[in-house]
Amino acid sequence: MKFTCLSEGRGYYFPPCHIVNICGFRVLLDCPLDLSALAVFSPLPIVISSLLDEKASIHSGQSSSNSESVRQDVSELLDSKKLIQAEPWYKTVKSLQLWSIYSIDVVLISSPMGMLGLPFLTRLKDFRAKIYATEAASRLGKLMMEDLISMHMELRQFYGPEESGCPQWMTWEKIELLPRALKDIVLGSERTELGGWMSIYSAADMKGCMEKVQFLKYAEEAYYNGSLTIKALSSGLEIGACNWNILSPKGNIIYLSGSVFASATATSFDYKALEGSDVLLYSDFTACNDVDGEKNDFPPATGSSYSSNIGSCWETIPESWLDSDEYSEEMEKVSFICSCALDTISDGGSVLIPIGRPGVMLQLLENISLSLESSNLKVPIYFVSSVAEELLAFSNIIPEWLSSQLQERFCSGQPLFTHIQLSNEKKLFVSPAIHSSKFLTSWQEPCIVFCPHWSLRLGPVVHLLQRWCADPNSLLIIEERADIKLALLPFEPMSMKVLQCSFISGIKLKKAIPLLKILQPKHVLVPESLRPHISCWNPKFSVHCFTENETIVVPKLKTFADMDIAMDMASELLIDTKMIQGKNIARLKGELLIEHGKYRCVLRNKQVLSSQVRPLLFLGRVDLDSLLMALKKMGMKVAAQHAQSTDGSENVSLVFISEPNEALIEVTSTQTTISVGDETTASLVSEAVRSTLVCF
């Protein structure tokens, strides 16, 4: 198996992206967009005044003869006028474009955010891969893409038709004028990511993409080409988010994405179904980000340092400890957010919530409405989005991907969520846009508004922030992010209160290592940042550490592949058995198939088999010296040299034949490849190879 990390991602909104080569099939794991990169663009309400200021500054700067000093001044200052004043483009996984799209066989989507970049691939004429996603993740991902396209169209109406070719802001002259903070986002830390920017896909592209997706129910098995069996298991991160179990004839592989042990809305993390895999690909980078903060927080049973006592307490960690506190921690955060929202309403301010996680949004909507009712505060709640009605309707028909508490409601005949009741009681108003008549006729302040987009660059949030940013009594509730200053830059000076909250988006370090102990894979692939923390407790399985854009090779999982033999063929194993090279060898009359990730040997029609000439079979490994001697006896001029494969995983012996015709023989420990241009030479080389093997 070969594995390449294309992108480590950055949490929930930009999940990692990988490519795995299994049994000759290339599997792409997730295809996200880095929507946080939209921070380099100016939001629409700021554009008009900024463009006027920019024209004035350009006119006044024409008299300056020192362009280098102008560039220096621009690069040192960062304000809203320095943001890119153009129709936004979208940042994809740059390394993915270096791969042949035609060579990708399977795409597995682990979460709704993991499919936002998929239309960029599916609209290419060479794309032929089969796409698998859970039904819930695909439906939510489709809604997110529709909303993204709808919000972008507002900008398209302002800027006019899309520019043909490369937009002006992507020219090197314009990029050089950007402040360093913006340049780092556009080009990346290594200044190689400009090629990853793409113009938005169309609604037709999105529709064509969804037609190629095969929806899977919970734990439903799908079969690709008979060789791979694929199953989705809940990760607990979000409604429909999953981990993948991939079974092949050479072993099974677990893809462990961002996971949460206990969630208030999504089905809990099904980690018990992941035990005993041949390879576990650990792609949850939350533990990497928590290394510094949690290095002395494990093990919980002792007060000593992490590294000195990990071995002594390792075997005593109870499995129940893994999911003991996450639910209560999340509920405490939700309660705190609700209390802050009530305080804001009591002070006469409004609350703006552009959180983009469907599960968290539904949870906050329900708890805030209950808090308002218990406090006897009567203020309207608005949910403004082009897909708001469809999202709320869909949330009530997906019980298999919801938490046990919500499933109990479903079984008792109650609605899964309370938004239907809130709408009927005129406490919740759902609107497709802030300029719709339904929204304008029901509008009153103070209020609570749920809306996209968490980037603060698209959609209703831009207009509402522009309205409330100068109000010290109002409150913006947003997820914690590293670029918060840049995100809020267009709305400065900002008098509005800002509450940053972080929700669990993966497995923390103190639980990552106990989880690996319980799962007990034979091989585990982990990010390089976890190397010292994995190696300190001497695991019983082999550990391979990976970094971005590095291909690593996992050793052969099984010496021999498993095969099911039909009962009516079992008796033939005792007939004509020969001992060759210390092994019992028997010839069977049947057909070798690959079904559901396993080899099967079945009995075919005996009359057909008896009429067929049984070809000679050869067994053994090609000995290079014997092969060279056999070729020379046939009068061929040969030369040999030793090398390594392109990925450095094994030694290769190369035999060059120059006369009578040119040919090349590549000999490795697992296969021999003959490259020749004419049939006569091919027959001679084939005969020489067979002469070095055992015939039976």
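Residues numbered from 1 in each chain as written. Predicted model: local features only at pLDDT ≥ 70, side-chain atom pairs only at ≥ 80, totals over all residues. Heavy atoms only, no water.

Per an unreviewed UniProt entry, the chain goes by the name Beta-Casp domain-containing protein and belongs to Solanum bulbocastanum. Here is the UniProt Sequence similarities (unreviewed entry) comment for the chain, exactly as written: "Belongs to the metallo-beta-lactamase superfamily. RNA-metabolizing metallo-beta-lactamase-like family. INTS9 subfamily." (UniProt positions renumbered as here; feature names shortened; annotations may be inferred.)

(A) Focus on the overall build of the chain. A count of helical and extended segments in the chain gives 24 helices and 33 strands. When each of the 696 residues of the chain is scored for burial, the buried share is 51%. By element, 51% of the accessible surface of the chain is carried by carbon and sulfur atoms, the whole surface being about 32,400 Å². (Helix = DSSP H or I, 4+ residues; strand = E, 2+ residues; numbered from the N terminus. Buried < 20%, exposed > 50% of the residue type's maximum accessible area, 1.4 Å probe, protein only. Areas by Shrake-Rupley, 256 points an atom, 1.4 Å probe, with all protein chains shown as cover.)

(B) Structural detail: the sheet that holds strand 11 (residues 242-248). Taking strand neighbours across the sheet as the criterion, the seven strands line up as 9-10-11-12-13-20-21 in an open arrangement whose pairing is mixed. Unpaired on one side and paired on the other, strand 9 (221-224) and strand 21 (542-546) mark the two borders of the sheet. The mean inter-strand angle of the sheet, taken between neighbouring strand axes irrespective of direction, is 20 degrees. Note: strand 12 (residues 251-256) against strand 13 (residues 279-282), four bridges, orientation parallel. Opposite L256, over in strand 13, you have Y282 as the bridge partner. (Pairing = 2+ DSSP bridges. Axes fitted to C-alpha atoms, helices over the stretch in contact; angles between N-to-C directions.)

(C) Inspection of the pattern of salt bridges at higher detail. For the structure on display, the rule yields 21 salt bridges. The partner of E479 in a salt bridge is R357, and the shortest N-O contact between them spans 3.2 Å. Here the residue E479 occupies a position in strand 18 (residues 475-479), and R357 occupies one in the loop between strand 14 (351-353) and helix 12 (358-374), the gap between them amounting to 122 residues. Assigned by exposure class, E479 and R357 land together as buried. Between E445 and R467 there is a salt bridge, with its nearest N and O atoms 2.6 Å apart. Of the two residues, E445 is situated in the loop between helix 16 (437-442) and strand 17 (448-450) and R467 in helix 17 (residues 460-468); the sequence distance between them amounts to 22 residues. (Salt bridge = Lys/Arg side-chain N within 4 Å of Asp/Glu carboxyl O.)

(D) Seen up close, a nonpolar patch on the surface. On the surface, M563, I565 and L592 cluster together into a nonpolar patch covering about 250 Å² of accessible area. By the element assignment, I565 lies in strand 23 (residues 563-565). Residue I565 is classed as partly exposed on the basis of its relative accessible area, which comes to 32%. (Patch = residues over 30% accessible without salt bridge, like charges linked within 9 Å, V, L, I, M, F, W, Y side chains within 5 Å.)

(E) Spotlight on the packing of helix 11 (residues 326-346) against helix 12. Running from N to C, helix 11 and helix 12 point in directions that differ by 50 degrees, and their axes come no closer than 10 Å. When the axes of helix 11 and helix 12 are compared, the pair comes out oblique. Helix 11 and helix 12 meet at a crossing whose hand is right-handed. From helix 11, M331, V334, I337, C338 and L342 reach across to helix 12, where they touch Q363, L364, N367, I368, S371 and L372. (Parallel < 35°, antiparallel > 145°, perpendicular 65-115°, else oblique. Left-handed = near helix turned anticlockwise from the far one by under 90°. Contact = heavy atoms within 4.5 Å.)

(F) How the structure looks around the side chain of S234. Position of S234 among the secondary structure elements: in strand 10 (residues 228-234). One polar contact links the side chain of S234 to the main-chain carbonyl oxygen of T267, over a distance of 2.9 Å. Those residues in contact with S234 that sit more than four places away from it in its chain are Y218, A241, C242, N243, T267, S268, F269, D270 and W401. (Polar contact = N/O pair within 3.5 Å; in protein donor to acceptor, adjacent residues only side chain to side chain.)

(G) Layout of the environment of L428. Relative to the helices and strands, L428 is located in strand 16 (residues 428-431). Among the residues examined, L428 registers a relative accessible area of 4% and is labelled buried. For the pair L428 and V379, spaced 49 residues apart in sequence, the C-alpha separation works out to 9.5 Å. Those residues in contact with L428 that lie beyond four places of it in its chain are L365, I381, Y382, F383, L392, H419, L422 and S423.

(H) The pairing of strand 15 (residues 381-384), seen in detail. Side chains I381 and F383 of strand 15 all project onto a buried face; the interleaved residues Y382 and V384 project onto the opposite face, where all are buried too. Pairing between strand 15 and strand 16: four bridges, direction parallel. The residue bridging I381 from the neighbouring strand is L428, located in strand 16. In the sheet, strand 15 pairs with strand 17 via three bridges, with the strands oriented parallel. Along strand 17, the bridge assignment pairs Y382 with V449.

(I) The packing of helix 4 (residues 135-159) against helix 7 (residues 203-211), seen in detail. The contact between helix 4 and helix 7 brings their axes to 10 Å, and the two run at 170 degrees. Judged by the inter-axis angle, helix 4 sits roughly antiparallel to helix 7. Along its contact with helix 4, which presents S138, K142, M145, E146 and I149, the element helix 7 presents A203, M206 and M210. Of the residues that constitute the contact of helix 4 with helix 7, the class distribution is five nonpolar, one polar and two charged. (Nonpolar A, V, L, I, M, F, W, Y, C, P; charged D, E, K, R; others polar.)

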